[in-house]
Amino acid sequence: MTKSSLTLSLLFAALAAGCATAPPAPADLPANRFVTMGCADGKSFQVRYAQDGRTIRVRSHQGAAELERQADGKFAGDGFTLNFKGEGGASLDHAGKSQGKACKRAA
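Here we summarise the structure given alongside this text. Everything numeric in this text was worked out from a predicted model, so none of it was measured. (Residues numbered from 1 in each chain as written. Predicted model: local features only at pLDDT ≥ 70, side-chain atom pairs only at ≥ 80, totals over all residues. Heavy atoms only, no water.)

Looking now at the state of the cysteines. If you walk through the whole model with that rule in mind, you get 1 disulfide. Two residues share a disulfide in this structure: cysteine 39 and cysteine 103, whose sulfurs sit 2.1 Å from each other. Of note, the bridge from cysteine 39 to cysteine 103 carries an S-S torsion of about 100° and is right-handed in sense. With cysteine 39 in the loop between strand 1 (35-38) and strand 2 (44-49) and cysteine 103 in strand 8 (residues 97-105), this residue pair connects regions lying 64 residues apart in the sequence. By relative accessible area, cysteine 103 is classed as buried at 2%. (Disulfide = S-S within 2.5 Å. Helix = DSSP H or I, 4+ residues; strand = E, 2+ residues; numbered from the N terminus. Buried < 20%, exposed > 50% of the residue type's maximum accessible area, 1.4 Å probe, protein only.)

Here's what the structure looks like:
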């Protein structure tokens, strides 16, 4: 391997490592602390964002689960799907049924 191809390989490896870092928590969610999310439909649930950004713990009327970050930015696991990119705020589904829409951190 030539010096220039080795340098190029190291550059790509560094870029890939930089892209692999977890994105920051949604703006109003502190890491490692449960917060209550209040939803427009009167429902609520709690979330705890992991420091490394890979998981979110959810506690709801349907139970509790550790959700893993998916490629599309959603979090999913144990029948739950949490999406922060919905209209008006986050949404939580369990087994295909809505557990809250337009959810924001409760005051």
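Now, onward.
The next point concerns the pattern of salt bridges. Evaluation of the coordinates by the stated rule reveals 3 salt bridges. Arginine 57 is the salt-bridge partner of glutamate 66, the closest N and O atoms lying 3.7 Å from each other. Exposure remark for glutamate 66: the relative accessible area of 33% places this residue in the partly exposed category. Taking relative accessible area as the criterion, arginine 57 reaches 26% and is therefore assigned partly exposed. (Salt bridge = Lys/Arg side-chain N within 4 Å of Asp/Glu carboxyl O.)

Now for the sheet that holds strand 2. Pairing is antiparallel in the closed barrel, where 8 strands are placed in the order 1-2-3-4-5-6-7-8. With direction set aside, neighbouring strand axes in the sheet form an average angle of 30°. Here strand 3 (residues 55-60) runs beside strand 4 (residues 63-69); their pairing, made up of 6 bridges, is antiparallel. Pairing of serine 60 across the sheet is with glycine 63, part of strand 4. (Pairing = 2+ DSSP bridges. Axes fitted to C-alpha atoms, helices over the stretch in contact; angles between N-to-C directions.)

In this structure, Met37, Phe45, Val47, Ile56, Val58, Leu67 and Leu82 are the most contacted members of the largest nonpolar core, which totals 17 residues. Counting only elements with at least two residues in this core, the list comes to strand 1, strand 2, strand 3, strand 4, strand 6 (80-83) and strand 7 (90-94). What valine 47 contacts, discounting residues up to four positions off in sequence, is Leu29, Arg33, Phe34, Val35, Met37, Ile56, Arg57, Val58 and Leu82. (Core = buried A, V, L, I, M, F, W, Y, C linked by side-chain atoms within 4.5 Å. Contact = heavy atoms within 4.5 Å.)

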